[in-house]
Number of protein chains: 2
Amino acid sequence: MKLINDYSELIENEIAGISFPNEPKNLYDPLSYFLALGGKRMRPLLTILSGELFGEKKENLMPAAIAIELFHNFSLIHDDIMDAAPLRRGKATVHEKWNSNSAILSGDVLLVKAYQLLSHYDAHKLSALFLVFNKTAIEVCEGQQLDMDFENRMEVSEQEYLTMIQLKTAVLLACALQFGAIISNASEENRKNVYDFGLHLGLAFQIQDDILDLYGDPSKVGKQVGGDVICNKKTLLSIVARSRATDTERQELDFLLNEVNIEQKVLKTRSIYDNLNVKAFCEETMKKHHELAFSAFNKIKTPNSKENIKALCNFLFFRDF
Amino acid sequence: MKLINDYSELIENEIAGISFPNEPKNLYDPLSYFLALGGKRMRPLLTILSGELFGEKKENLMPAAIAIELFHNFSLIHDDIMDAAPLRRGKATVHEKWNSNSAILSGDVLLVKAYQLLSHYDAHKLSALFLVFNKTAIEVCEGQQLDMDFENRMEVSEQEYLTMIQLKTAVLLACALQFGAIISNASEENRKNVYDFGLHLGLAFQIQDDILDLYGDPSKVGKQVGGDVICNKKTLLSIVARSRATDTERQELDFLLNEVNIEQKVLKTRSIYDNLNVKAFCEETMKKHHELAFSAFNKIKTPNSKENIKALCNFLFFRDF
């Protein structure tokens, strides 16, 4: 997709152009390092696509697009500490390469930098951007806390899990899209619909991620099949499986949590999931949110063509199984 | 001072009235706990005193005053993790009572909550508040990083140390005062002078803190005399001492860093400082910033009496030796 490549390059250049002070080195070097690790830059793409949908110029959308990306990177740096993750995009995480203190503090600075980028907008737009951004930032923290809490619980309901991924992932995509609508002076109704579009897109995307982890084509997914099963991560699959399992199956699933042969662990877990029709059930939920996303999308009123952003969002978020 | 007590009570009530959601408990309970630990609430007091100086009502100043206090508490929660501090105001720190992850994440939320409180102001004031707040927030992080960096260095110059305490402590007091001036629509010149007043007040205050740690009256200071010497903390005293010491004295000071008899350590270190006239030298620097503070203060133009805030700032920040 040439358009995506062109836009991604613009965003990448913008991020590469962010200059941090030279000192204190232990504060700013981690940020240059982390931002250069790359990523799909989905969120800034959404802000730009959404703003263009309402007739705004890319250059006016860029500061907010980058603010969202900086916020996302702040949350990744802090999440990596909390999850004790050694790697991010195949490279050492900030707390591994420097230390936790530098990761805490450089994350803090990145959050403030995100706010600072928003101050490019005139006072009126700033208030609206600020309102949705503050709400979203708090929700993302709540989502991360719920995710950590769930690790220590045996039983998590499907609804609790969906709330968690909504907070941790979906609201930021919704916020990124709404940023574009605010900057381009879109109507309240359009702002709401573009937000709902992002919210359900995010939910569908995260559920797809859960499904692909176990059922994806390894050559396409680009990571170890069953990674979530191996580290006993709660996903929609595991939660649905537990809720549908008989007592015997639940005992088997519990037993498999401690299985050391990881190949056997993945195979046997998947076999129980298959018996319970877990994949089809999760695909239904995913499809529901995909439909809700495009139902909100269809309500958006704009004189501009909606085909590009529609195709791009499907391309960005949904992969072949 | 009755006025201070009345104002402090108002601020304390306002903070006690902040209600956090019930869930996630591990995110919000640490915040209720930490904010209830109290403190002198100097920063919100400064915002209110400054705003009143320019004729603004307390209730209009309160959201910004509380925003500054929340920011201060965010930075304390994160600093406590970095400093591995077990206690804050005599009670367990957040990372001790919960864990580092909860302390990171609840600190993050508190920073966002500070921004959220600022959104009470109309768009025009918001832009100005935002500008100084973002700049200050970044500076405070830089100050904390420098402070940590200095721990690992033998030689720190007096100028480097003053830059560090300016960033870590003084700019937030300056920002708190400028918040009051912005909300009360004070002129650019008044905003600048009130900021400079706070900046030099903060520097003088921190230098006083360094001096009192070793030379204060234990019954008035309320903590162990020589605490900074005992934990080899860099202070203006220790930096000035090293820069004025002969080679022999510097060797003695180095030797004392590892002295295990803490009574002897404090006594001998102080005796070297006394020979070098360190206290008088630091008092000179403190006096210089106190004078610079009140020179900026005297340039502030307002039809209202300046006596109250003058007396209150002296009362808040300067104690008998």
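Fair warning: this is a prediction, and the values are worked out from it, not measured in the lab.

A. A look at the interface of chain A and chain B. Taken residue by residue, the interface counts 38 residues in chain A and 38 residues in chain B. In total, chain A and chain B occlude about 3,400 Å² of area from one another, counting both sides; carbon and sulfur atoms represent 73% of this. Where chain A meets chain B, there are 0 salt bridges. At the junction of chain A with chain B, the criterion picks out 8 residue pairs in polar contact (both at pLDDT 80 or more). Contributions of two or more residues to the side of chain A that touches chain B are made by α2 (25-35), α4 (58-82), α6 (100-118) and α7 (123-151) of chain A. Among the elements that make up the side of chain A that touches chain B, the one with the highest residue count is α7 of chain A (16 residues). In terms of residue class, the side of chain A that touches chain B is built from 22 nonpolar, 11 polar and 5 charged.

B. Expanded view of helix α1 (residues 2-16) of chain A. The first and last C-alpha atoms of α1 of chain A sit 21 Å apart over 15 residues, in line with the 21 Å expected at 1.5 Å per residue. Those residues of α1 of chain A that are buried lie in contact with α2, α3 (42-53), α4 and α16 (307-317) of chain A.

C. The arrangement of the side chain of Lys306 of chain B in detail. Residue and element names in this part refer to chain B. By the secondary structure assignment, Lys306 is in the loop between α15 (278-299) and α16 (307-317). No salt bridge is formed by the buried Lys306, whose closest oppositely charged neighbour, Glu307, lies at an N-O distance of 7.9 Å. A polar contact of 3.0 Å, which involves the side chain of Lys306, links it to the backbone oxygen of Phe297.

D. Summary view of the relation of the copies chain A and chain B. Its rotation angle being 180°, the transformation that places chain A on chain B also includes 0.0 Å of axial translation and leaves an RMSD of 0.1 Å. Those values place the two copies in the arrangement expected of a two-fold rotation axis. Closest approach to the rotation axis among the C-alpha atoms of chain A is made by Ala123 of chain A, whose C-alpha sits 2.4 Å away. Mapped onto chain B, 100% of the interface residues of chain A again fall at the interface, so both copies present the same surface.

E. Up close: unusual backbone geometry. All names here are of chain A. Of note, the amide linkage connecting Glu23 to Pro24 takes the cis form, showing an omega dihedral of -10°. Examined against the element boundaries, Pro24 turns out to sit in the loop between α1 and α2. In the Ramachandran plot, Arg41 falls in the positive-phi region, its phi being about 55° despite a non-glycine side chain. Locating Arg41 in the fold gives a position in the loop between α2 and α3.

F. Examining the environment of His200 of chain B more closely. Residues and elements named next belong to chain B. Of note, His200 is situated in helix α9 (residues 188-215). Taking C-alpha positions, His200 is 7.1 Å from Ala170, a pair spaced 30 residues apart along the chain. For His200, the residues in contact, after removing those within four places along its chain, are His289, Leu292 and Ala293. In this structure the side chain of His200 is engaged in a polar contact, spanning 3.0 Å, whose partner is the side chain of His289.

G. Seen up close, the packing of aromatic side chains. Residues and elements named next belong to chain A. Evaluated as defined, the whole model comprises 24 aromatic pairs over all chains. On the numbers, 5.4 Å between centres and 75° between planes, the contact of Phe71 with Phe133 is edge-to-face. Here the residue Phe71 occupies a position in helix α4, and Phe133 occupies one in helix α7, the gap between them amounting to 62 residues. Each of the two residues, Phe71 as well as Phe133, counts as buried.

H. Examining the side chain of Thr285 of chain A more closely. One can find Thr285 of chain A in helix α15 (residues 278-299). Excluding anything up to four places from it in sequence, Thr285 of chain A contacts Glu158, Leu162, Ile207 and Leu236 of chain A.

I. Up close: the nonpolar core. In terms of nonpolar packing, the biggest core is built from 232 residues, with Phe317 of chain A together with Phe317 of chain B touching the most fellow members. Sequence-distant contacts of Phe317 of chain B, defined by excluding residues within four places in its chain, comprise Met42, Leu46, Leu173, Leu201, Phe205 and Gln208 of chain B.

Rules of the game
- Residues numbered from 1 in each chain as written.
- Chains lettered and ligands numbered in written order.
- Predicted model: local features only at pLDDT ≥ 70, side-chain atom pairs only at ≥ 80, totals over all residues.
- Heavy atoms only, no water.
- Contact = heavy atoms within 4.5 Å.
- Buried area = accessible area lost by both parts, 1.4 Å probe.
- Salt bridge = Lys/Arg side-chain N within 4 Å of Asp/Glu carboxyl O.
- Polar contact = N/O pair within 3.5 Å; in protein donor to acceptor, adjacent residues only side chain to side chain.
- Helix = DSSP H or I, 4+ residues; strand = E, 2+ residues; numbered from the N terminus.
- Nonpolar A, V, L, I, M, F, W, Y, C, P; charged D, E, K, R; others polar.
- Expected span 1.5 Å × (residues − 1).
- Buried < 20%, exposed > 50% of the residue type's maximum accessible area, 1.4 Å probe, protein only.
- Lys, Arg positive; Asp, Glu negative; His and termini not counted.
- Least-squares fit on C-alpha atoms with pLDDT ≥ 70 in both.
- Phe/Tyr/Trp six-rings, centres within 6.5 Å; stacked < 30°, edge-to-face > 60°.
- Core = buried A, V, L, I, M, F, W, Y, C linked by side-chain atoms within 4.5 Å.

Bear in mind that shape data such as this cannot, by itself, settle questions of function.
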